[in-house]
Amino acid sequence: MQNTKKIMVFTCLILFLFFGRAFAAENKYDVVHSNGSVTQEVAPDTAFVSMGVVTRGKTAEEARAANAAVMEEVVSSLGVFGISGDEVKTTGYYLRPEYSDYAKGKRVITGYTLTYNLSVTIDDVDKVGAVIDSMFAAGANTFNGVTFTVSNRKAIERELLALALVNAREKAAAVAS
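Please read these numbers as outputs of a predicted model, since none were measured by experiment. (Residues numbered from 1 in each chain as written. Predicted model: local features only at pLDDT ≥ 70, side-chain atom pairs only at ≥ 80, totals over all residues. Heavy atoms only, no water.)

1. Thoughts on the packing of aromatic side chains
Each aromatic ring pair is described using two quantities: the centre-to-centre distance and the angle formed by the ring planes.
Here's step 1: Applying the stated rule across the entire model yields 1 aromatic pair.
Here's step 2: Relative to Tyr116, the ring of Tyr93 has its centre 5.2 Å away and its plane inclined at 75°; by these criteria the two rings are edge-to-face. Taken as a pair, Tyr93 in strand 2 (residues 88-99) and Tyr116 in strand 3 (residues 109-122) lie far apart in primary sequence, 23 residues in all.
Here's step 3: If you follow Arg107 out to its NZ or CZ, it ends over the ring of Tyr99, 3.9 Å from the centre. (Phe/Tyr/Trp six-rings, centres within 6.5 Å; stacked < 30°, edge-to-face > 60°. Helix = DSSP H or I, 4+ residues; strand = E, 2+ residues; numbered from the N terminus. Lys NZ or Arg CZ within 6 Å of the ring centre and 35° of its normal.)

Have a look at this one:
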């Protein structure tokens, strides 16, 4: 029985070596893999400014009304720069109760804080500083940052992919010759 197993293993090994070489002989071409890359720095042409207004009131309605009045001035101040309502988006609206220390074993609400955040799209990055100054002058009291980007990102990516393909072909041709 043990001899039979040895003969079968040996036979399988012989067949594997024979057919393995036969399959290897069929492949007459070598394969060349090539990667292409392109890097390009692009100046931003669009900015997203994130700012907001925080107000407090004894009631939620008082905090909301105060915030709405200030936010109306902030949004109105953007018109000077040609920024329309489509370029102003609400990114957050939060109402948080404020509590006093424990009085007679329970927390007591003493007022409310309302935070209203906006993202403003600015198509002329040279105006970013002036827009921020204008929003602060109109009553905004929180600044959450600026993000710069390019408006035609997809077109730039397609152009760079085409250049990377040319780069990869050049590398493959150099290796293949």
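Text resumes after the structure shown.
2. Section: the nonpolar core
Here's step 1: Ranked by size, the top nonpolar core spans 18 residues in total, and within it Leu78, Ile83, Val120, Ile122 and Met135 carry the most contacts.
Here's step 2: Where this core is concerned, the elements lending two or more residues are strand 1 (46-57), helix 2 (60-77), strand 3 and helix 3 (128-137). (Core = buried A, V, L, I, M, F, W, Y, C linked by side-chain atoms within 4.5 Å. Buried < 20%, exposed > 50% of the residue type's maximum accessible area, 1.4 Å probe, protein only.)

3. Digging into the pattern of salt bridges
Between side chains of opposite charge, a pair can form as their charged atoms come close.
Here's step 1: Counted under the stated rule, the structure contains 3 salt bridges.
Here's step 2: The salt bridge partner of Arg56 is Glu98, with a shortest N-O separation of 3.3 Å. You can see Arg56 sitting in strand 1 and its partner Glu98 sitting in strand 2, a full 42 residues away along the chain.
Here's step 3: Accessibility expressed as a relative area gives 23% for Glu98, which makes it partly exposed.
Here's step 4: Across the salt bridge formed by Arg64 and Glu61, the nearest N and O atoms sit 2.7 Å from each other. Remark: Glu61 and Arg64 occur in helix 2; sequence separation between them is 3 residues, near one turn of the helix. (Salt bridge = Lys/Arg side-chain N within 4 Å of Asp/Glu carboxyl O.)

That's the geometry; what it means functionally is another story.
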